[in-house]
Amino acid sequence: AQSVSQHNHHVILSEAASLELGCNYSYGGTVNLFWYVQYPGQHLQLLLKYFSGDPLVKGIKGFEAEFIKSKFSFNLRKPSVQWSDTAEYFCAVRSSGTYKYIFGTGTRLKVLA
Amino acid sequence: DAGVIQSPRHEVTEMGQEVTLRCKPISGHNSLFWYRQTMMRGLELLIYFNNNVPIDDSGMPEDRFSAKMPNASFSTLKIQPSEPRDSAVYFCASTPGWLANNEQFFGPGTRLTVL
């Protein structure tokens, strides 16, 4: 069965620190990859997505993610976080040609001002 | 576009009562998903529909849960009877179609508290 692992459940950073959140998935076929963000009290919003092409994907608010097929990974990065990045971040995977999205358990990021 | 609309936003009910959550997907989207979010289990897919037809309901926890999509613009998730362990945030999401490069668009969620 497909699964998505987010190894960091809680991350605390100071403003201006660099961020990297890990995401690994288990599936051998072609996948589409997503990172969603959920700000406190709000619904999930798409940060970025990968379907094909350049494995380095740039999203909104300065976030980027790199798809490394050999490692089954899609880690999220941001060079310098802000207090407003405090949120929960979800990695999601979808097998190409299917409807079903599998979400990771999420990483709660707290950025200290 | 108004986005995915869910109602109510908050629901507090007593154990044993019937609860109905509602969702209106984005116009033109033909796939609809219901998720449950809890602290312990994260975001779980309950059921998804394509063209109003339930495709996979393997995530529905038990027979107390049922979902319908009578038309392209409306879906319900019903819990009868409700139990305290059903307390969670329930999200609805829609996508324009599985063949396209697309993402899921989420509604604001319904926060359910069962006392």
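That block above? That's the structure.
Now for a look at the structure at hand. (Residues numbered from 1 in each chain as written. Chains lettered and ligands numbered in written order. Predicted model: local features only at pLDDT ≥ 70, side-chain atom pairs only at ≥ 80, totals over all residues. Heavy atoms only, no water.)

### What about the interface of chain A and chain B?
Contact with chain A, which involves 19 residues of that partner, is made by 23 residues of chain B. Interface area, chain A with chain B, both sides summed: about 1900 Å², of which 58% is carbon and sulfur. A per-residue breakdown of the area chain A buries against chain B is headed by Tyr-99, Lys-100 and Tyr-101 of chain A, which together make up 35% of the total. Seen at the junction of chain A and chain B, the total is one salt bridge. One salt bridge in this structure joins Lys-49 of chain A and Glu-103 of chain B, with 3.1 Å as the shortest N-O distance. Elements that contribute at least two residues to the side of chain A that touches chain B include exactly strand 5 (31-38), strand 6 (45-50), strand 10 (87-95) and strand 11 (101-103) of chain A. Among the residues making up the side of chain A that touches chain B, the classes are represented as nine nonpolar, five polar and five charged. (Contact = heavy atoms within 4.5 Å. Buried area = accessible area lost by both parts, 1.4 Å probe. Salt bridge = Lys/Arg side-chain N within 4 Å of Asp/Glu carboxyl O. Helix = DSSP H or I, 4+ residues; strand = E, 2+ residues; numbered from the N terminus. Nonpolar A, V, L, I, M, F, W, Y, C, P; charged D, E, K, R; others polar.)

### Some words on the pairing of strand 11 (residues 110-114) of chain B
Residue and element names in this part refer to chain B. Judged by which residues are buried, strand 11 turns out to be one-sided: Thr-110, Leu-112 and Val-114 face inward and are buried, whereas Arg-111 and Thr-113, on the alternate face, are not. Where strand 2 (residues 10-13) meets strand 11, four bridges bridge the pair, whose relative direction is parallel. Opposite Thr-13, over in strand 11, you have Val-114 as the bridge partner. Pairing geometry for strand 9 (residues 88-95) and strand 11, over three bridges, is antiparallel. Within the sheet, the bridge partner assigned to Tyr-90 lies in strand 11 and is Thr-110. (Buried < 20%, exposed > 50% of the residue type's maximum accessible area, 1.4 Å probe, protein only. Pairing = 2+ DSSP bridges.)

### A look at the side chain of Thr-107 of chain A
Residue and element names in this part refer to chain A. Within the secondary structure, Thr-107 is located in strand 12 (residues 107-112). A relative accessible area of 0% places Thr-107 in the buried class. Reaching out from Thr-107, the side chain makes a polar contact with the side chain of Gln-6 at a distance of 3.3 Å. (Polar contact = N/O pair within 3.5 Å; in protein donor to acceptor, adjacent residues only side chain to side chain.)

### Here's the deal with unusual backbone geometry
For the bond running from Ser-7 of chain B to Pro-8 of chain B, omega is -10°, close enough to zero to count as cis. Positionally, Pro-8 of chain B belongs in the loop between strand 1 (5-7) and strand 2. Between Gln-80 of chain B and the following residue, Pro-81 of chain B, the backbone shows a cis peptide bond with an omega angle of -10°. Secondary-structure assignment places Pro-81 of chain B in the loop between strand 8 (74-79) and strand 9. Positive phi, normally seen in glycine, also occurs at Phe-72 of chain A, with a value near 50°. Locating Phe-72 of chain A in the fold gives a position in the loop between strand 8 (64-68) and strand 9 (73-78). Here Phe-72 of chain A falls in the partly exposed class, since its relative accessible area comes to 36%. Residues other than glycine seldom take positive phi values, yet Asn-52 of chain B does so here, at roughly 75°. The residue Asn-52 of chain B is located in the loop between strand 5 (42-50) and strand 6 (53-56) in this model. Residue Asn-52 of chain B is classed as partly exposed on the basis of its relative accessible area, which comes to 29%.

### Brief notes about the layout of surface pockets
Size it by volume and the largest pocket reaches roughly 780 Å³. Gln-38, Glu-88 and Arg-108 of chain A together with Gln-37 and Met-39 of chain B are, among the 35 residues lining the largest pocket, the residues nearest its centre. Those elements that provide at least two residues to the lining of the largest pocket are strand 2 (10-14), strand 10 and strand 12 of chain A together with strand 4 (31-38), strand 9 and strand 11 of chain B. The calculated volume of the second largest pocket comes to roughly 370 Å³. Looking at the second largest pocket, it is lined by 17 residues, and the ones nearest its centre are Phe-103 of chain A together with Arg-41, Leu-43, Glu-44 and Leu-45 of chain B. Taken together, the elements giving at least two residues each to the lining of the second largest pocket come down to strand 11 of chain A together with strand 4 and strand 5 of chain B. With four residues, the top contributor of residues to the lining of the second largest pocket is strand 5 of chain B. Classifying every residue of the lining of the second largest pocket by side-chain character gives eight nonpolar, four polar and five charged. (1 Å grid on protein atoms, 1.4 Å probe; cavity = no way out; pocket = protein on both sides within 12 Å on 5 of 7 lines; lining within 4 Å. Points joined across faces, edges and corners; volume = space filled by probe spheres on them.)

### Things to note about the sheet that holds strand 1 of chain B
Residue and element names in this part refer to chain B. With antiparallel pairing, the four strands of this open sheet are ordered in space as 1-3-8-7. Pairing within the sheet leaves two strands with one partner each, and these edge strands are strand 1 and strand 7 (65-71). Neighbour to neighbour, the strand axes of the sheet diverge by 15° on average, direction disregarded. (Axes fitted to C-alpha atoms, helices over the stretch in contact; angles between N-to-C directions.)

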